[in-house]
Every structure is written in C-alpha cells, then in structure tokens.
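A look at the structure
If you want the building blocks of each chain, they are given just below.
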Number of protein chains: 2
Amino acid sequence: MTDLLTLAQRARAAKSAVARLGMNDKTRGLLAIADALEAHERDILDANARDIAHGHEIGLNPGLIDRLTLTPARIKGMADGCREVAALRDPIGEVLWMRTRPNGLRIGAQRVPMGVIGIIYEARPNVTVDAAALCFKAGSACLLRGGKEAIHSSTCLAELMRGALAEEGLPADAINLLEDTSRDSANRMMRLNGYLDVLIPRGGAGLIRAVVENASVPVIETGTGNCHVYVDEHADLKMAKNILVNAKCSRPSVCNAAESLLVHAAVAERFLPLAADGLAAYGVKLHGCERTRAILGSTVVPATEEDWGREYLDFELSVKVVDSLDEAIDHINTYNTGHSESIVTEHYDAAQRFLDEVDAAAVYVNASTRFTDGGEFGFGAEIGISTQKLHARGPMGLEALTTTKYIVYGNGQTR
Amino acid sequence: MTDLLTLAQRARAAKSAVARLGMNDKTRGLLAIADALEAHERDILDANARDIAHGHEIGLNPGLIDRLTLTPARIKGMADGCREVAALRDPIGEVLWMRTRPNGLRIGAQRVPMGVIGIIYEARPNVTVDAAALCFKAGSACLLRGGKEAIHSSTCLAELMRGALAEEGLPADAINLLEDTSRDSANRMMRLNGYLDVLIPRGGAGLIRAVVENASVPVIETGTGNCHVYVDEHADLKMAKNILVNAKCSRPSVCNAAESLLVHAAVAERFLPLAADGLAAYGVKLHGCERTRAILGSTVVPATEEDWGREYLDFELSVKVVDSLDEAIDHINTYNTGHSESIVTEHYDAAQRFLDEVDAAAVYVNASTRFTDGGEFGFGAEIGISTQKLHARGPMGLEALTTTKYIVYGNGQTR
C-alpha cells in the first residue's frame, strides 16, 4: 500500500508531463482506458464482489449496497463515459483574450491545467473512473480517495486505468488512488499544501462539511441542495403543479430535487390542494406551516424551524404560505444552500426580481430545479455542482477543472 | 467596540441592498466618500497622529512607521483612488453568455456580487479605503480587519466612509471595520462560514500563511513572489541586463520584483559581469552558485539551498548558472511561488516552451516581471495578486471580486 505522501509526490512529479499532452494523446489514453475496462470486466466484477460481500458483512443498507454494485451494464456505462469525455472539446490552451498595452506588451489570458486535483468521495466505484477521466482530459494529474467500502473495486479500476495509460506510453502517474482509507489519511490529504492545487469533495453533507472545516488546500464545496419552488400569485397553476411534482418526485435523492414549496397566499387555497394531489401519487410526506395545515388538513405534519433548512433527499417536502414575493425571496435567501431555486409566475417583474435577488448557483423561471446538471446545461460532463461562489458555481464541467495564466509577449519592456 | 459576530451579521444583512445598487448609486457613494475624506483631512490626520505616536512608543521600525503615516497628499491620493474606482466600468449584471438548449430553456451566466468579502490586512490605513471602495463598486458588503497599529486611522476612515454613504441614503453597513484587533478575532473571522463568501489576506508571508492554514471560509491567497529572470543562451544580453536590473532594483520591496537570476552556461561568462555591473549601481548583494562565483569572484556569497526559495524583498539576488532551458524550467517550477517569471531570449521555441511549461500566474518573454500589476495589465484597480489557481490568478481587478449565477428562463420545462 503506497502512502499518501509518496502518491502526492508522484502526482506532482507527473503534472508537467500530463499538462503537456495534446488532445490526440489524451483521446488515445481515454479510449484505451475505456477498452481496458470492458476487456477486464471479469476482474472488475471479482473485485467488486469482495466489496459487496464485505458490505453485507458489515450491514450496509440496501441503498449503499446498490451504489457500490457494479454490473456488466454499469461497467459498459463507465467505459462509454470515458469515450464521451474523449469526444469533448479540449479546454486547454485556449486564449480567452489578448490585448496590446500602450507600451507594446501583449498580455493574454490562457486556459491551462490546474496541476494536481484531489477528489475525496464515498463508496461509489464509478466516481473513480469518472473523476480520473475528467481530470486527465483537463490536463491534470489526480489524487483520488474513495470510500473504504469500495476499495477493492476502486483499486482494481485505478490499476486498469494506469495500465492502459502506460501501455499507450502515457504517464500512468496521472492517476493515483489512495488505498489507505483511514480517516487520518483523509485529514492529511486535506492539508497537502504544495501538492494539491484544489480539493473537491463529492458526497454527502457530512463529508463536505469535514473537508470545508479541515482543509488548508483550496476547496470547491459541492453539493447539498435545499432547493425551493415558489408559486407566485400570478402563476399558471397547472404549470406550477407539473414543475413542483417533477422537482420533488422525479429523483428525490439528488441535490437538485426540491425540498421546500412556497406558495403566495393569494393562490394558496387553489394551489395547495392541486399540489397535494400531485404529490400524493408519490406518497410525499408534507411538513406545513399553520396556514398550509388550515388548508390541507391535519395529514400535513407541522413544520418546525428545522424543516425550513432540511435537505430531505426523500419523498418529503416542507410547505409554507407567504404573503409576498419579498417574503419568498427573504425566506429562500435565509434557508437555502445556494443551489437551485425556481419561481413559477406569469408576471414579468416578479420573474426578473426573483432572478436578480435570489442568491443561488442557478435561478429558474418556470422550470424545474432538476435541470441543474452539467449534461442538461450542455457542458457534456460534470465533476459536481459547486455551491460556493469562488472559482466555479453551479454544475462544473471540464472548464471548472482548469485555471488560467497570463502570457506576456514583450520586446524589452521595463517599468 | 462592536464585536465580530454583530459586524458580520450587519454585513450579511446589508448584502442584498448593496447588491441591488445600480452603477449610478455606487458612483454617487464613491464620490461622496472621496469628498468626505478630503473634507475631514484634519480628523484623519489627528487620528493618524495617535497611531504614529503609539508606533514610536512601541518602537516600530521606520519602514512600518512610513506605511502607517498619512499626509494631506496621501489623503488626497486615497480620495482620488475612490474617484478612479467610481469611473471604472461596473462589472455587475453582465451576461457572459446565454444559450438556448434543445428543450427551449434559455440558460445564461450572469456576473453577480460575491455577497460579503472579508479582508485581513496589515497596518496600512490606505488599504481600508482601497478595499472598501473596490468591494462597494463590486456590489458586495465588506468586513475589514486591519493591523492594530493603524486602528485609530482605520476607524476614523471607516466612520467617514460609512457616514458619507448614509448621508447619500446608501447602506452604511456596506462597510464594516473590526475594531477588535486581537489575534483571537482574526482567527474567528477566518471561520465565519455562512457570513463571509470569501476572505482575502493582504500582507506579508506570515499573515497569508496564517490565513491559509486556519481559514475554513474560501480564501484567495495573495502575494509572495519568488520571481525569476532566466537569461537564455540566445538572449540579447543588453536587453537582458536592462530587464534584470529593472526587475530587481526598480522597487525591491514588492512581490513582482525579481529574487533570482538564472543564466544559461553558454552565455554566463559574458552576461554575469554585465549583470553584476548593472546591479552594483544599486548595491545588490549576490548569492551565487559555485559557477557564478567562479566567474564573478568571491564578493558573491555562496548560495545555500534556502536561497533558491527566498523572497528577499531587498537589494539581494540569488544567481545560478544552468545548462539548459529544461534545467531552468525545472528550477523555477521547483522553487517559485507561482507569481511572475521571465525569459529573455531571441529563440522562438525557447520562448514558447517557457510560456507553456513554467507554472506561474504571469509568464513573460523579454519583459520585466514588474508588470504584474492590475494597473499595468489594464484592470484599472487591484485588490491584490493571487498566487493560487482557484477563482483568480495574477492581478485581481474588480471582476475577481465578483461571481456568476446561472439564470434560466423556461416556459414549463420538466425533466
């Protein structure tokens, strides 16, 4: 088992070579990885079987076992994912702008690789492949630290990817997986200043909080989404129902799912029964304010202060009747996590004010919050959804994994 | 004395109002601040006199006393700085791109304010005004924490600025200065998650290291510059001498000054005496490798391993003879701080390789490293120079103090 510092040194030593790879080299590497994953399906499934058996022994719940489980179809999915990343435009080298200064200096901003990208994630073997492929395409070496329950699968996948690169004469040390899954190794990884140029946690709220609290390397905070749908007094109520049901029920376990409904008092009596009807088909449990309960009755459990801030990630929804657009915006800006927020309205000014004044990565008029996703936004791939304001906000595609440098062409200028 | 949490709450409560200000409001506020500074010159000088007297009592060195000292001309300089910031283009509201997706959703990336910007800096009263003006123009509230030796000056300046905004009917809580200059308050400020959207340290290496080590809020690391000039075998040696002398001697105390000279062995015997001659006029002390000492003699002190990493910030320079461009690039990528690096060469491929392979915020061909500056780059103002790769790299103008949000216009789309 290679220790953290050795891996970090390897990643750092490889970063120049990875950064210099052209698009053709990177494409060749990604296609070789895809082929290797499919060619070694049996090895991957064997390694995965060990993780699953161990998962049953330690009593992992069925949801976690499912996320851990690989199948031939899921392996093909990972391989196809690599091929899709290979087909994306290479973000590296683009000069975003170049200007000539009065003294003749030509100053340009060029998109360049990050260097070494660290990713800490949970027991999801597919993230090992997704993350490595995206970092490689973005011209950076990666240092991956996945959840211990998937360590056999992840190790097998990482070795296959490294082998595929090496066979193509490409730097295997572009991809580094930390096999030491102790908490101590994670904590030390968060403080690898001088080695990691950025650290991205992918996973649940606890993991992300731990990284934000403890890291001294630059972090991109991803994830948790306490997303709201606000039904304005001027809403098309049928559209509002469709959007709400989609935002809550199409996939409640993900971060762009709605967790809270706000309804303007002027339409609450008409809209809430419609909404309750649509949500009942999915068995959604409602936590409502007093006015909601007065309209929908006591099957709605009383919402506590805590409910306004909760990310249920399940068929549950908090519901509040508000008296104005201002109250809706204030409520959202108080309780949201800066992810995705939607207003349903036919009113021009309400739409514009919501877009302007709600503080979140993605703000919608008349559409489901579920669209906050790299694929849906047209980025082609996604490493996560940033809920911080620094560097990247919202779905992060390949460009979010790059940085810029200023390139300056002179002919002897001094100051 | 208002405590940290109360100030942070005030800043957070004000951020929506500040974000909504249009360019006209912000211009009015900045011009009112400029006028107030000039109108209250006497009050400012009185407060400053208390700091200076205290500085002498505690034995501050002359350099620090000078940075602390305000004069009528310096007060006018701060006021004019506000007027210059007022005249800059407003970065807020610009839609960087907007695309229509296949499902009809229109998705745009819009530049929006950060929210609350924290700035920790040393005993320089002018930073209180510069930082407040830039944050205000960028549509954010600020929470400022300056060095304790300048607290009377900074408090006076902050109160004048807040008063000027209030008189214009603008939110005074856009500007908040922490009067508690204890180390404990700084440490607590670094962990104000939920209040600060970003924290920028401005100052020396110790301050920046403390913030990077201890902060849990997102940080933009600024500053230290171990900048190199590499004189290639194909350099115009006269140009190389001019660039080197300018980079080292025009203002050695700043972060974009050169700290190290690398010379290709093929030109070392011709170039080093030329360089030494130019540097001797400024009394520059040289720390050289063995080959440098063999050429220049024993007035050059032997360079230690430590010298390659040092930011002298003074009339001192480390000097190393290298055998190749590769060795120069490797040396720089090993010891630099990611700030500014320059090659002097007439060779096309050497120039391009240096630009591509040196990992730094600004990479120059045939120009002095001293140009790494917001004004010189045409940004009009500067809050600092980022040496990290996340969010902003190199000189940070107004745009670096903003973020983006995705605005999405739909007509009922669900996923």
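Each remark here, short or long, concerns the structure printed above.
Predicted model only: the values in this text are computed from it and were never measured.

What counts, and where the lines are drawn
- Residues numbered from 1 in each chain as written.
- Chains lettered and ligands numbered in written order.
- Predicted model: local features only at pLDDT ≥ 70, side-chain atom pairs only at ≥ 80, totals over all residues.
- Heavy atoms only, no water.
- Contact = heavy atoms within 4.5 Å.
- Buried area = accessible area lost by both parts, 1.4 Å probe.
- Salt bridge = Lys/Arg side-chain N within 4 Å of Asp/Glu carboxyl O.
- Polar contact = N/O pair within 3.5 Å; in protein donor to acceptor, adjacent residues only side chain to side chain.
- Helix = DSSP H or I, 4+ residues; strand = E, 2+ residues; numbered from the N terminus.
- Buried < 20%, exposed > 50% of the residue type's maximum accessible area, 1.4 Å probe, protein only.
- Phe/Tyr/Trp six-rings, centres within 6.5 Å; stacked < 30°, edge-to-face > 60°.
- Expected span 1.5 Å × (residues − 1).
- Bend = angle between axes of the 7 residues up to and from the residue.
- Pairing = 2+ DSSP bridges.
- Axes fitted to C-alpha atoms, helices over the stretch in contact; angles between N-to-C directions.

**Thoughts on the interface of chain B and chain A**
- Contact with chain B, which involves 72 residues of that partner, is made by 72 residues of chain A.
- A combined buried area of about 5600 Å² lies between chain B and chain A, and 51% of that area is made up of carbon and sulfur atoms.
- Interface area lost by chain B to chain A is led by Leu390, Tyr406 and Arg415 of chain B, which between them contribute 15%.
- Linking chain B with chain A are 10 salt bridges, by the criterion used here.
- With its nearest N and O atoms 3.4 Å apart, the salt bridge here joins Arg20 of chain B to Glu357 of chain A.
- Linking chain B with chain A are 45 residue pairs in polar contact (both at pLDDT 80 or more), by the criterion used here.

**Remarks on the pattern of salt bridges**
- A complete count under the given rule lists 62 salt bridges over all chains for this structure.
- Residue Arg83 of chain A pairs with Glu38 of chain A through a salt bridge whose shortest N-O separation is 3.0 Å. In this pair, Arg83 of chain A is assigned in helix H5 (residues 72-87) and Glu38 of chain A in helix H2 (residues 23-39), connecting sequence segments 45 residues apart.
- Exposure remark for Arg83 of chain A: the relative accessible area of 24% places this residue in the partly exposed category.
- The residue Asp35 of chain B makes a salt bridge to Arg83 of chain B at a minimum N-O spacing of 3.0 Å. Of this pair, Asp35 of chain B sits in helix H2 (residues 23-39) while Arg83 of chain B sits in helix H5 (residues 72-87), and the two are 48 residues apart along the sequence.
- The exposure class assigned to Asp35 of chain B is partly exposed, which follows from its relative accessible area of 45%.
- Through salt bridges with shared partners, a single ionic network connects Lys15 and Asp197 of chain A together with Asp359, Lys389 and Arg393 of chain B.

**Some thoughts on the packing of aromatic side chains**
- Using the criterion set out here, one finds 14 aromatic pairs over all chains in the structure.
- Between Phe379 of chain A and Tyr406 of chain B, the ring centres sit 6.1 Å apart and the planes meet at 50 degrees, which makes this aromatic pair tilted. Separated into two different chains, Phe379 of chain A in the loop between strand E13 (362-367) and strand E14 (384-386) and Tyr406 of chain B in strand E16 (residues 402-413) make up a pair that spans both.
- For Phe379 of chain A, a relative accessible area of 19% corresponds to the buried category.
- An angle of 50 degrees between the planes, with centres 6.0 Å apart, marks the rings of Trp97 of chain B and Tyr406 of chain B as tilted.

**Some details on helix H1 (residues 4-20) of chain B**
Residues and elements named next belong to chain B.
- Between its first and last C-alpha, H1 extends 25 Å over 17 residues, near the 24 Å set by a 1.5 Å rise per residue.
- If you look at H1, its biggest bend is around 40 degrees, right at Ala14.
- Within H1, the full set of buried residues consists of Leu4, Leu7, Ala8, Ala11, Ala14, Lys15 and Val18.
- Between a side-chain oxygen at the N-terminus of H1 and the backbone nitrogen of Leu5 the separation is 3.3 Å; the capping residue is Asp3.

**Here's the deal with the side chain of His264 of chain B**
Residue and element names in this part refer to chain B.
- Among the structural elements, His264 can be located in strand E8 (residues 258-264).
- Looking at His264, the relative accessible area reads 7%, which means it is buried.
- For His264, the side chain forms a polar contact with the main-chain oxygen of Asp323, separated by 3.3 Å.
- Ignoring anything within four residues of it in the chain, the contact list for His264 reads Tyr230, Val231, Asp232, Glu233, Val322, Asp323, Ser324 and Leu325.

**Quick notes on the sheet that holds strand E16 (residues 402-413) of chain A**
- Strand order in the open sheet made by the 10 strands is E1(A)-E2(A)-E16(A)-E13(B)-E12(B)-E7(B)-E8(B)-E11(B)-E9(B)-E10(B), with mixed pairing throughout. Both outer strands of the open sheet, strand E1 (95-100) of chain A together with strand E10 (301-302) of chain B, are each paired with one neighbouring strand and no more.
- Note: strand E2 (residues 106-113) of chain A against E16 of chain A, 8 bridges, orientation antiparallel. The partner of Ile107 of chain A across the bridge, within E16 of chain A, is Val408 of chain A.
- Sheet strands in contact with helix H14 (residues 325-335) of chain B are strand E7 (227-231), E8, strand E11 (316-322) and strand E12 (340-344) of chain B, and its direction is about 140 degrees off that of E11 of chain B.

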